[in-house]
Protein chains: 2
Amino acid sequence: MSSVIHRLRTPLIFVLLPVLLSAPASAQPSLEDPLPSWNDGPAKEAILTFVSRVTTEGSPDFLPVEERVAVFDNDGTLWPEKPLIQGIFVLERLRALAREDPSLWKRQPFQAALERDLDYFKEAGPEAAMEILALTHSGMTDEQFEAEVREFFAHARHPHFGVPYTELAYRPMVELLEYLRAHGFTTYISSGGGIDFIRVVSEQMYGIPPEQVIGSSLQKEIRVVDGEVVLWRKPALASLNDKEAKPVNIDLHIGKRPVLAVGNVRSGGDISMLEYSQGGEGPSLQLLINHDDAERESAYQEPDNASLRAAQKNGWTVVSMQRDWKQIFSSS
Amino acid sequence: MSSVIHRLRTPLIFVLLPVLLSAPASAQPSLEDPLPSWNDGPAKEAILTFVSRVTTEGSPDFLPVEERVAVFDNDGTLWPEKPLIQGIFVLERLRALAREDPSLWKRQPFQAALERDLDYFKEAGPEAAMEILALTHSGMTDEQFEAEVREFFAHARHPHFGVPYTELAYRPMVELLEYLRAHGFTTYISSGGGIDFIRVVSEQMYGIPPEQVIGSSLQKEIRVVDGEVVLWRKPALASLNDKEAKPVNIDLHIGKRPVLAVGNVRSGGDISMLEYSQGGEGPSLQLLINHDDAERESAYQEPDNASLRAAQKNGWTVVSMQRDWKQIFSSS
């Protein structure tokens, strides 16, 4: 207790101030709106009600902190997916490789990608896309790949919005992530995108550290390169983290069933993750972002409407970007 | 700031006390020995010096909290591996299954396991062991498997020490884990053992939550069983987390290179993980536990001495259980 006595010699406010400023948010409930970019309505209400139910001590639905696990898809849920940002990165890498090795312009499927021949890929199926992913994402160390991704985010601009991709996190989702963490949740990404691609920017954009990012991954092996022990990226997929693979990888990384899962309408890629989250014993919440805002972002639908049908059947909360979000990005 | 004013109306000690009691350990350096079960000597010294170097602000080796990543093997590093505790569980499960299906007594490799015919397994190779692992660990939901493991730990006793396995965490290692966490480290397990087996007891035994456990894993798939969405355990390995696979899975789960890695002498299973930890740019520490204490635990060596040779070559710190540990278990 000697440090108590020592500290009391300084004016009281200097003792208390740093302590109070660093206290967890739950200790000082704010009267301010925690989700200012969300319009009042059923989606915002569903979020506030759920968080209150599971974090209020004495509530029958109270969850201890270690069970407050939330998972978020990335493309179309936390940032735009038209065009797919990692797709732009792949094309840029491919063009750079083709400058070094012009024969790529004459070899399929690289030629089709370089010439943006979408019909080729519709015909050739997913193997062709995988071949391009392998060429652009492997054959180097993890450190080299990370440097490539950093360089991409430093110079690339969104073709429509004209700003760096790192400025395109959806502001209402960043608020939601911060609100959840302030209430003891751990927030994870579970994306079909590449785990190593997202990890480069997830802390800066969403406050989500690398160890809380789950995504598609390549096979790797340990090697000694120039006398250094490195992980070498092999040209083969380890896991495509989409659809039914999402719950499996969530379990592998977290070992708990999330009580909150957020995905978006486009391909049905998040249905299984949301069903898994809902299938636990206790309270849970599922959100599905609907891209219906052609003016401020994009409007698109799923060919078979599977995600919206699943939402209706299971009572998931559909978030309309147009109706529920006051603002889409931080700078507009 | 209204809460400051409100709190000042209560006597000062009631304001300060909870705050000081909940402050992180680094804010009030203790004069007590943080590793009381470690004898003074080079191993304890190496640990204390390393932690001081990387956590003292202004030190050239200072590491921010997010880079303080430590990984620990489990069998032989955090608890005994003679016999392998998961091996006992496998045999017990197999016996229970053979009571329901006596034909297992007449089918290999199950017959050999039930009759403890070790020669059969030396001949048959790892596939035979995998077949037994698959039978005893799959064909059920994650929840069912967890219940089986819980039940095992509730009744099983170590054949030599006569106590529940959950009482056999090495006390010096539990102290080390707590000491590291008190200094901002995140502590992970990276084990050749099953990820779902270890996760059941890792929090209770080591203070390590499920999401910080990495281990061998089975393939799983999402299924609807009796109307519930569950993960179904398939009879096939997804990853054997041993040797060169350890760095790959550490990267998959954490996305950072650990600065501290701890393994043990027996099979060479931790060499690659320790090399990976040492191969980073900054300061790092590698510990290798040597089982040389026949009286208090076990004495055994590695057939080819590969781990000890790697330690000598790379300057890793060898921990002698006999010389460096004052006490092996919490109750002795």
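Residues numbered from 1 in each chain as written. Chains lettered and ligands numbered in written order. Predicted model: local features only at pLDDT ≥ 70, side-chain atom pairs only at ≥ 80, totals over all residues. Heavy atoms only, no water.

## Concerning the overall build of chain A
Put simply, the test is: Note on conventions: DSSP H or I runs of at least 4 residues are helices, E runs of at least 2 residues are strands, and numbering of each starts at the N terminus. Burial classification: accessible surface area is computed with a 1.4 Å probe over protein chains only, and a residue below 20% of its type maximum counts as buried, one above 50% as exposed, and the rest as partly exposed. Contacts: residue pairs with any heavy atoms within 4.5 Å of one another. Computed with a 1.4 Å probe, the accessible areas rest on the Shrake-Rupley method; for each residue, only the protein chains presented here act as cover. In this tally Asp and Glu are treated as negative and Lys and Arg as positive; neither His nor the chain ends contributes. Here the site of a charge means atom NZ of a Lys, CZ of an Arg, CG of an Asp or CD of a Glu.
Summing up its helical and strand segments, chain A has 15 helices and seven strands in all. Overall, chain A is about 75 × 55 × 40 Å in size when its C-alpha atoms are taken along their principal axes. Looking at chain A residue by residue over its 332 residues, the buried ones come to 51%. A sequence separation of at least 24 residues applies to 67% of the contacts in chain A between residues at least 6 apart. Accessible area of chain A: about 15,500 Å², with a carbon and sulfur share of 53%. In chain A, 32 side chains carry a positive charge and 47 a negative one; their mean positions are 2 Å apart.

## Let's talk about the sheet that holds strand E5 (residues 260–264) of chain A
Residues and elements named next belong to chain A. Under the convention used in this document: Here the rule is simple: two strands pair whenever DSSP picks up at least two bridges between them. Note on geometry: axes are C-alpha line fits, over the in-contact stretch for helices, and angles between N-to-C directions span 0 to 180 degrees.
What the seven strands build is an open sheet, ordered E4-E3-E2-E1-E5-E6-E7; its pairing is mixed. Strands with a single pairing partner mark the edges of an open sheet, and in this sheet they are strand E4 (228–239) and strand E7 (317–320). Adjacent strand axes in the sheet meet at a mean angle of 35°, parallel and antiparallel pairs treated alike. Sheet topology places strand E6 (residues 285–290) next to E7; four bridges connect them, and they run parallel. Bridge pairing links Ile 289 to Val 319 in E7.

## Some words on the pairing of strand E1 (residues 69–72) of chain B
Residue and element names in this part refer to chain B. Residues Val 69 and Val 71 line one face of E1 and the alternating positions Ala 70 and Phe 72 line the opposite face, and both faces are buried. By the bridge criterion, three bridges tie E1 to strand E5 (residues 260–264) in an arrangement that is parallel. Bridge pairing in E5 links Phe 72 to Val 262.

## Brief notes about the packing of aromatic side chains
Remark: the centre distance and the inter-plane angle together describe each pair of aromatic rings, the angle taken between the planes. All names here are of chain A. Going by this rule: For Phe, Tyr and Trp, where Trp contributes only its six-membered ring, two rings pair if their centres lie within 6.5 Å, and the inter-plane angle classes them as stacked under 30 degrees, edge-to-face over 60, or tilted in between. The criterion for a charge sitting over a ring is simple: Lys NZ or Arg CZ within 6 Å of the ring centre, and within 35 degrees of the ring normal.
A full pass over the atoms with the stated rule returns 26 aromatic pairs over all chains. These aromatic residues form a ring-pair network of at least three members: Trp 79, Phe 89, Phe 145, Phe 152, Phe 153, Tyr 165 and Phe 197. Geometry around Phe 145 places Arg 233 over its ring, the cationic atom sitting 3.8 Å from the centre.

## Examining the pattern of salt bridges
Rules: Within this document, salt bridges are pairs made up of a side-chain nitrogen of Lys or Arg and a carboxyl oxygen of Asp or Glu, the two lying within 4 Å of each other.
In this structure the tally under the stated criterion is 44 salt bridges over all chains. Residue Lys 220 of chain B pairs with Asp 251 of chain A through a salt bridge whose shortest N-O separation is 2.5 Å. Of this pair, Lys 220 of chain B sits in strand E3 (residues 213–225) while Asp 251 of chain A sits in helix H12 (residues 245–254), each in a different chain. Put simply, Arg 171 of chain B and Glu 175 of chain B hold a salt bridge, and the shortest N to O gap is 3.6 Å. Highlighted residues: Arg 171 of chain B and Glu 175 of chain B, both in helix H9 (residues 171–182), separated by four residues, approximately one helical turn. Note on Arg 171 of chain B: relative accessible area 29%, which makes it partly exposed. Note on Glu 175 of chain B: relative accessible area 10%, which makes it buried. One network of salt bridges, with partners in common, ties together Asp 142, Asp 196, Lys 220 and Arg 233 of chain A together with Asp 251 of chain B.

## Re the side chain of Ser 191 of chain A
By the secondary structure assignment, Ser 191 of chain A is in strand E2 (residues 186–194). Excluding residues within four positions of it along the chain, Ser 191 of chain A makes contact with Asp 73, Asn 74, Asp 75, Ile 198, Ile 214, Gly 215, Ser 216, Asn 241 and Lys 246 of chain A.

## Re the nonpolar core
Filter applied, for reference: Only buried residues count toward a nonpolar core, which is a set of Ala, Val, Leu, Ile, Met, Phe, Trp, Tyr and Cys residues joined through side-chain atoms within 4.5 Å.
Ranked by size, the top nonpolar core spans 108 residues in total, and within it Met 173, Leu 176 and Tyr 206 of chain A together with Met 173, Leu 176 and Tyr 206 of chain B carry the most contacts. Not counting the four nearest positions on each side in its chain, Leu 176 of chain B is found in contact with Leu 35, Trp 38, Ile 47, Phe 72 and Leu 287 of chain B.

## A word on unusual backbone geometry
In most cases, non-glycine residues show a negative phi, while peptide bonds are predominantly trans. Residue and element names in this part refer to chain A. At the junction of Gln 108 and Pro 109, the peptide bond is cis and its omega measures out at 5° in the coordinates. Along the chain, Pro 109 falls in the loop between helix H4 (85–100) and helix H5 (110–114). At Arg 116, a position not held by glycine, the phi torsion is positive, near 50°. In this structure, Arg 116 sits in the loop between H5 and helix H6 (118–124).

## Here we look at the environment of Glu 228 of chain A
Mapped onto the elements, Glu 228 of chain A comes out in strand E4. Once the C-alpha coordinates of Glu 228 of chain A and Ser 59 of chain A are considered, the two residues, 169 residues apart in sequence, prove to be 54 Å apart.

## Side note on a negative patch on the surface
The condition is simple: Any residue with relative accessible area above 30% and no salt bridge may belong to a patch, with like charges joined within 9 Å and the nonpolar Val, Leu, Ile, Met, Phe, Trp and Tyr side chains within 5 Å.
Judged by side-chain charge, Glu 115, Asp 117, Asp 119 and Glu 123 of chain A come together as a negatively charged surface patch. One can find Asp 117 of chain A in the loop between H5 and H6.

## Things to note about the sheet that holds strand E4 (residues 228–239) of chain B
Residue and element names in this part refer to chain B. Pairing is mixed across the open sheet formed by seven strands, whose spatial order is E4-E3-E2-E1-E5-E6-E7. If you trace the sheet from one side to the other, it starts and ends with E4 and strand E7 (317–320), each paired once. The sheet shows a mean angle of 35° between the axes of neighbouring strands, direction not considered. Each of E1, strand E2 (186–194), E5 and strand E6 (285–290) touches H9; the most contacted strand, E1, lies at about 165° to it.

## Description of helix H3 (residues 42–55) of chain B
Residues and elements named next belong to chain B. For clarity, the threshold we go by: Expected span of a helix: the number of residues minus one, times 1.5 Å. In this description, the arc belongs to the directions extending from the helix axis to the C-beta atoms.
If you check H3, its first and last C-alpha atoms are 20 Å apart, about what 14 residues at 1.5 Å a residue would give, namely 20 Å. All buried positions along H3 are accounted for by Ala 43, Lys 44, Ala 46, Ile 47, Phe 50, Val 51, Val 54 and Thr 55. Summarising the axial view, the buried residues of H3 lie within an arc of 160°, below the 170-degree limit, and thus occupy one face. The exposed residues of H3 that point more than 90 degrees off its buried face are Pro 42 and Glu 45. Buried residues along H3 sit in contact with H9, E5, E6, E7 and helix H15 (321–324).

## Here's the deal with the confidence of the model for chain A
Residues and elements named next belong to chain A. What counts, and what does not: Think of pLDDT as the predictor's per-residue confidence, scored from 0 to 100.
On average, residues of chain A carry a pLDDT of 91, and 91% of them reach 70 or more. Contacts of residues 1–29 to residues separated by more than four positions or lying in other chains number 24 contacts, the stretch itself having pLDDT below 50. Reported confidences for the modelled complex are a pTM of 0.90 and an ipTM of 0.89.

## Description of helix H9 (residues 171–182) of chain A
All names here are of chain A. Over its 12 residues, H9 extends 16 Å from the first C-alpha to the last, a length consistent with the 16 Å expected when each residue adds 1.5 Å. Regarding H9, the residues found buried are Pro 172, Met 173, Val 174, Glu 175, Leu 176, Leu 177, Tyr 179 and Leu 180. Along its buried surface, H9 packs onto helix H3 (42–55), strand E1 (69–72), E2, helix H11 (202–206), E5 and E6. With its phi angle positive at about 85°, Gly 184 sits one or two positions after the end of H9.

## Some words on the packing of H3 of chain B against H9 of chain B
Residues and elements named next belong to chain B. The cut-off we apply is this: Should an angle lie under 35 degrees it is considered roughly parallel, over 145 roughly antiparallel, and from 65 to 115 roughly perpendicular; all remaining angles are considered oblique. By convention the crossing between two helices is left-handed if the near helix lies anticlockwise of the far one by an angle smaller than a right angle, and right-handed if it lies clockwise. For this classification, the nonpolar set comprises Ala, Val, Leu, Ile, Met, Phe, Trp, Tyr, Cys and Pro, the charged set comprises Asp, Glu, Lys and Arg, and every other residue, Gly included, is treated as polar.
The interhelical angle for the contact between H3 and H9, taken along N-to-C directions, is 15°, at an axis separation of 11 Å. By the angle class used here, H3 and H9 are roughly parallel. Crossing hand, H3 versus H9: right-handed. For the pair H3 and H9, contact is made by Ile 47, Leu 48 and Val 51 and by Leu 176, Tyr 179 and Leu 180, respectively. When the residues that make up the contact of H3 with H9 are grouped by side-chain class, the tally is six nonpolar, no polar and no charged.

## Quick look at the packing of H4 of chain A against helix H7 (residues 126–137) of chain A
All names here are of chain A. At their nearest, the axes of H4 and H7 sit 9 Å apart, and the two run at 65° to each other. Taken together, the axes of H4 and H7 lie roughly perpendicular to each other. Of the two elements, H4 crosses H7, and the hand of that crossing is left-handed. Along its contact with H4, which presents Gln 86, Phe 89, Val 90, Arg 93, Leu 94 and Leu 97, the element H7 presents Ile 132, Leu 133, Leu 135, Thr 136 and His 137. Of the residues contributing to the contact of H4 with H7, the split by class is seven nonpolar, three polar and one charged.

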